[in-house]
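Analysis of the macromolecular model
Single-letter residue listing:
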Amino acid sequence: MCRFRAGLVACFFLFAILLPSVLWAASSRVISLQQDVAQLNVSPYIDYVSQYSQSYTIEDIIEDQFSPHINWKEHKQDVPGFGFDTNTFWFRLQLRN
C-alpha cells in the first residue's frame, strides 16, 4: 500500500510540473505552414519588443529563445501600426513546417 501511495504522489508531482509547460505550448501562437495556402496574414501571430528603455542585440534575441528574459508583447491587431517612432522594434513569430 505504501509503495502504491508513493507512486501516486510521484505521478501527481510529475503532472503538476509538466502541466504548465503543456498548457503554454497549447496556447502559444504558432503558424502552421501548409502547401495550399498562398497568402497568410501573420500580424495576429507576431510578438514584439521595443527598445525604449533597453537596447538589445541579435545575441540577446537568440539567447532569449533558450533562457527567456525579454518582456515580449503580443500583437493583437490585424495590421502592425506603431506610428512614427524612432525606437527600434524587434519582432518574432513561430512557424511550424
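Whatever comes next refers back to the structure up there.
Now for a look at the structure at hand. Bear in mind the structure is a predicted one, so any value in this text is a computation, not a measurement.

What follows covers the sheet that holds strand β4 (residues 89-92). The 3 strands lie next to each other as β3-β2-β4, forming an open sheet whose pairing is antiparallel. The open sheet has two edge strands with one neighbour each: β3 (73-74) and β4.

This part is about the packing of aromatic side chains. Going through the model one piece at a time under the given rule, you end up with 6 aromatic pairs. When the ring of Tyr 48 is compared with that of Phe 82, the centres are 4.9 Å apart and the planes differ by 65°; the resulting orientation is edge-to-face. Placement of Tyr 48 in strand β2 (residues 47-50) and of Phe 82 in the loop between β3 and β4 is noted, with a sequence separation of 34 residues between them. Overall, Tyr 48 belongs to the buried group, its relative accessible area being 17%. Ring centres 6.4 Å apart and planes at 25° place the aromatic pair Phe 89 and Phe 91 in the stacked group. Judged by its relative accessible area of 18%, Phe 89 is buried. Feature note: the residues Tyr 48, Tyr 52, Phe 82, Phe 89 and Phe 91 constitute an aromatic cluster, connected by ring pairs.

Moving on, we come to the nonpolar core. Counting 5 residues, the largest nonpolar core is built from Val 49, Tyr 56, Ile 61, Ile 70 and Trp 72. Not counting chain neighbours up to four residues away, the residues in contact with Trp 72 comprise Asp 47, Tyr 48, Val 49, Ile 61, Asp 64, Trp 90, Phe 91 and Arg 92.

What counts and how
Residues numbered from 1 in each chain as written. Predicted model: local features only at pLDDT ≥ 70, side-chain atom pairs only at ≥ 80, totals over all residues. Heavy atoms only, no water. Pairing = 2+ DSSP bridges. Helix = DSSP H or I, 4+ residues; strand = E, 2+ residues; numbered from the N terminus. Phe/Tyr/Trp six-rings, centres within 6.5 Å; stacked < 30°, edge-to-face > 60°. Buried < 20%, exposed > 50% of the residue type's maximum accessible area, 1.4 Å probe, protein only. Core = buried A, V, L, I, M, F, W, Y, C linked by side-chain atoms within 4.5 Å. Contact = heavy atoms within 4.5 Å.

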